[in-house]
Amino acid sequence: MTLQHFNQYPLSDELKQALEALHFHTPTPVQHETLSVAFSKQDLIVKSQTGSGKTAAYGLPICEMVDWAENKPQALILVPTRELAMQVKQDLTSLGRFKRIKAAAIYGKASFQAQKVELSQKNHIVCGTPGRILDHLEKGTLSLENLKFFVLDEADEMLNMGFIDQVSSIIQYLPPKRMSMLFSATMSDDMKKLSEQFLQSPKVIEIAREETSVQQITHTVIETEEESKFSLLQRTIVIENPDSCIIFCNTQDRVNELTLKLDEWDVPCDKIHGGMRQEDRFDVMDEFKKGEFRYLIATDIAARGIDVSDMTHVIHYDLPYEKERYIHRTGRTGRAGKSGKTIAFMTKNSKPLIDELKQDAGIDFQTQPYPTKEEAEEHVESFEEKIETPVQKENKQAGVEKDIMKLYFNGGKKKKLRAVDFVGTIAKIEGVAFDDIGIITIQDTKTYVDILNGKGPLVLNAMRHTTIKGKQLKVHEARS
Ligand code: AMP
């Protein structure tokens, strides 16, 4: 297929600037297909693998088409996990940075009250998990009256996780005139039934697996017995010496147990599973994304959508029970055109799954012999050297975030200040243009304004002696 450039699509300069800063030059196949039709606002069903660039595929047209001046949410994106809600918010904030798009992430096990306050402020996009979104809709703290776009992301996982009733209830709150998009890696009969509830004459876009990153992945399988798995893991990671690796187990107990063992063996690792506090889950994912440790031990909670750059290996310490889970776990590596390797520890019990994956999903497994002790010993030195070297990971958002200073002002809604008042005043400062003003967050008694393009210090100085709507506010750089 011919490579396109983002310049070929009707995208504004603000979005192109963000794409440039993110180093997204060529659209992925799913982005090309979606961008080619999304501006006609036809409903879409998009079948595409995880890691194929789906977030920007719906994020770009949404960021382009939302009206900045409107205060109530114009796009609702439902995702299956809290981590994904946070990640989608961050991705869309980066894409919409120069258009000053505001996105909120709304998920369970976080303060309802704080979310209520956030939802009462200006938000263009809301990304969230179904349970908490429904809760806000039922309590009247999330208004969808001006909604124009609805996205069901990772729809197959929504159904697997039993969210179908909540999703159906949310659909009842959507205004009839809207564009809806469903993204899924697989299409079951249940999914088709669900799609009929909220999509009107959708265009179906199907991205063949070869066009996505899955083909960049080498799938290997090693036969073992349950009792030998830990020793196999030790030898495997010494020999493979991954830069960054997720090790999947089937239960929280297995994750806890394996983390302890790897810890005792002095491997820099941490864990994530659904039994942990949400803040701890976010902290672990954050540190892993930054490369602060190389091995993440996880249940399937980390299998969906989570985007960690340069993940070289996925190890199925326990193989999952369903083939879709294998595909999703595996999709954590080989992302964005990079290559990756998965290693499945196959016991007698999990052999049928491997057979099914070969037959139904056409995965070409390479069988590796159980590594010998001698083989592992040959690699010990370089393994030890690597675990002592900190990982340097590229921060994708860095290009978009650089040169931004967040300013704090001690006045907000209670002083009857609105975003236009800040924009109007700041844009009049000599040497500052409208494009230098980023996201504005107005709360009851304070306001945060992002100043872009390195103009923060200039604006800070000027605003110390400039009134807004006749009021002199205190201003300083916001603590992050
Ligand atoms: P997603 O499927 O949305 O989770 O995206 C998978 C990965 O591809 C993420 O790391 C994105 O940042 C990256 N990505 C998405 N679109 C592009 C693009 N056009 N060029 C380069 N990388 C991209």
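Residues numbered from 1 in each chain as written. Predicted model: local features only at pLDDT ≥ 70, side-chain atom pairs only at ≥ 80, totals over all residues. Heavy atoms only, no water.

Novice: Quick rundown of the overall build of the chain? Include the residues and the values.
Specialist: Broken down by element type, the chain carries 18 helices and 18 strands. Relative to its length of 480 residues, the chain is compact, with a C-alpha radius of gyration of 24 Å against a globular reference of 23 Å. Principal axes of the C-alpha set define a box for the chain whose edges measure 75 × 50 × 45 Å. Looking at the chain as a whole, 54% of its 480 residues qualify as buried. Excluding contacts between residues fewer than 6 apart, the proportion of contacts in the chain whose partners are at least 24 apart in sequence is 77%. The centroid of the 63 positive side-chain charges in the chain is displaced by 9 Å from the centroid of its 71 negative side-chain charges. (Helix = DSSP H or I, 4+ residues; strand = E, 2+ residues; numbered from the N terminus. Rg over C-alpha atoms; globule rule 2.2 N^0.38 Å. Buried < 20%, exposed > 50% of the residue type's maximum accessible area, 1.4 Å probe, protein only. Contact = heavy atoms within 4.5 Å. Lys, Arg positive; Asp, Glu negative; His and termini not counted. Charge placed at Lys NZ, Arg CZ, Asp CG, Glu CD.)

Novice: Quick rundown of the UniProt feature "domain: Helicase ATP-binding" (unreviewed entry) in the chain? Include the residues and the values.
Specialist: With numbering matched to this structure, UniProt assigns "domain: Helicase ATP-binding" (unreviewed entry) to residues 35–205. What you have in residues 35–205 is 43% helix and 17% strand, and the ends, taken at the C-alpha atoms, are 11 Å apart. (UniProt positions renumbered as here; feature names shortened; annotations may be inferred.)

Novice: Could you give an account of the domain arrangement of the chain, with specific residues and numbers?
Specialist: What the domain assignment reports for the chain is domain 1 (6–210), domain 2 (214–388) and domain 3 (403–477). Averaged C-alpha coordinates put domain 1 and domain 3 at centres separated by 30 Å. Domain 1 puts 10 residues into the contact, and the matching count from domain 3 is 15 residues. Surface buried jointly by domain 1 and domain 3 totals about 1,000 Å² across both partners, of which 59% is contributed by carbon and sulfur atoms. Considering only the side of domain 1, the residues that lose the most area to domain 3 are Arg97, Arg100 and Gln121, jointly responsible for 57% of the buried surface there. In this structure, the connection of domain 1 to domain 3 is made through one salt bridge. Among the salt bridges present, the one from Asp450 reaches Arg97, with a minimum N-O distance of 2.8 Å. Taken together, domain 1 and domain 3 are joined by three residue pairs in polar contact (both at pLDDT 80 or more). (Domains from an automatic or database assignment. Buried area = accessible area lost by both parts, 1.4 Å probe. Salt bridge = Lys/Arg side-chain N within 4 Å of Asp/Glu carboxyl O. Polar contact = N/O pair within 3.5 Å; in protein donor to acceptor, adjacent residues only side chain to side chain.)

Novice: So, a negative patch on the surface: which residues are in play, and what are the values?
Specialist: The grouping of Glu374, Glu375, Glu377 and Glu378 at the surface amounts to a negative patch. Considering the arrangement of structural elements, one finds Glu378 in helix H15 (residues 373–388). (Patch = residues over 30% accessible without salt bridge, like charges linked within 9 Å, V, L, I, M, F, W, Y side chains within 5 Å. Areas by Shrake-Rupley, 256 points an atom, 1.4 Å probe, with all protein chains shown as cover.)

Novice: Summarise the pairing of strand E5 (residues 149–152); cite the residues concerned and give the values.
Specialist: The side chains of a regular strand alternate, residue by residue, between the two faces of the sheet. Of the two faces of E5, the one carrying Phe149 and Val151 and the one carrying Phe150 and Leu152 are both buried. The pairing of strand E2 (residues 75–78) with E5 spans four bridges and is classified as parallel. Bridging from a neighbouring strand, Leu76 pairs with Phe150 of E5. Judged from the four bridges that link them, E5 and strand E6 (residues 179–184) form a sheet pairing that is parallel. Bridge pairing in E6 links Phe150 to Ser180. (Pairing = 2+ DSSP bridges.)

Novice: Tell me what's going on with the pattern of salt bridges, and back it up with residues and numbers.
Specialist: Between side chains of opposite charge, a pair can form as their charged atoms come close. Summed over the entire model, instances satisfying the criterion amount to 26 salt bridges. Between Lys351 and Asp355 there is a salt bridge, and its shortest N-O distance comes to 3.2 Å. Linking Lys351 with Asp355, this pair stays in helix H14 (residues 351–360), spanning four residues, or about one helical turn. What you see here is one network of salt bridges that share partners, running through Glu226, Lys229, Arg254 and Asp318.

Novice: Summarise the sheet that holds strand E1 (residues 44–47); cite the residues concerned and give the values.
Specialist: Read from one edge of the open sheet, seven strands run E3-E4-E2-E5-E6-E1-E7, paired in parallel fashion. Of all the strands in the sheet, the pair left with one neighbour each is strand E3 (103–106) and strand E7 (203–206). In this sheet, adjacent strand axes meet at a mean angle of 15° when their direction is disregarded. Each of E2, strand E4 (125–128), E5 and E6 is contacted by helix H3 (residues 54–65), which is oriented at about 165° to E6, the strand it contacts most. The sheet strands contacting helix H9 (residues 189–198) are E1, E5 and E6, and the helix crosses E6 at an angle near 170°. (Axes fitted to C-alpha atoms, helices over the stretch in contact; angles between N-to-C directions.)

Novice: So what's going on with the side chain of Asp450? Residues and values would help.
Specialist: Residue placement: Asp450 occurs in strand E17 (residues 447–451). Ignoring any residue separated from it by four or fewer positions in sequence, one finds Asp450 in contact with Arg97, Ile404, Met405, Lys406, Asp436, Ile437, Gly438 and Ile439.

Novice: Give a description of the state of the cysteines that names residues and reports values.
Specialist: Considering all chains together, one arrives at zero disulfides under this definition. Cysteine Cys127 shares no disulfide, and the gap to the nearest cysteine sulfur, in Cys63, comes to 9.7 Å. Taking relative accessible area as the criterion, Cys127 reaches 0% and is therefore assigned buried. Cysteine Cys269 is unpaired, with the sulfur of Cys245 as its nearest cysteine sulfur at 11 Å. Among the residues examined, Cys269 registers a relative accessible area of 13% and is labelled buried. (Disulfide = S-S within 2.5 Å.)

Novice: Describe in detail the sheet that holds strand E14 (residues 366–368), supporting the description with residues and values.
Specialist: What holds strands together in a sheet is hydrogen bonding between their backbones, with the strands either parallel or antiparallel. Taken together, the seven strands give an open sheet; going across it, the order is E10-E11-E9-E12-E13-E8-E14, and neighbouring strands pair in parallel fashion. Pairing within the sheet leaves two strands with one partner each, and these edge strands are strand E10 (269–272) and E14. Neighbour-to-neighbour, the strand axes of this sheet turn through a mean angle of 25°, independent of strand direction. Judged from the four bridges that link them, strand E9 (residues 245–248) and strand E12 (residues 313–316) form a sheet pairing that is parallel. When the bridges of E12 are listed, Ile246 appears paired with Val314. Those strands touched by helix H10 (residues 229–240) are strand E8 (217–223), E9, strand E11 (295–298), E12, strand E13 (340–346) and E14, and its axis lies near 160° from that of E13.

Novice: Any chance you could break down the pairing of E11 for me, citing the residues and the numbers?
Specialist: Because side chains alternate across E11, one face comprises the buried residues Tyr295 and Ile297, and the other comprises Leu296 and Ala298, equally buried. Bridge count for E9 against E11 is four bridges, and the pairing is parallel. When the sheet's bridge partners are listed, Phe248 is paired in E11 with Ala298. Pairing analysis gives four bridges linking E10 to E11, with the strands arranged parallel. By the bridge assignment, Asp270 is partnered in E11 with Leu296. As for the winding sense of the linkage, the β-α-β connection from E10 through helix H12 (residues 278–290) to E11 is right-handed. (Right-handed = clockwise from strand over helix to strand, strands pointing away.)

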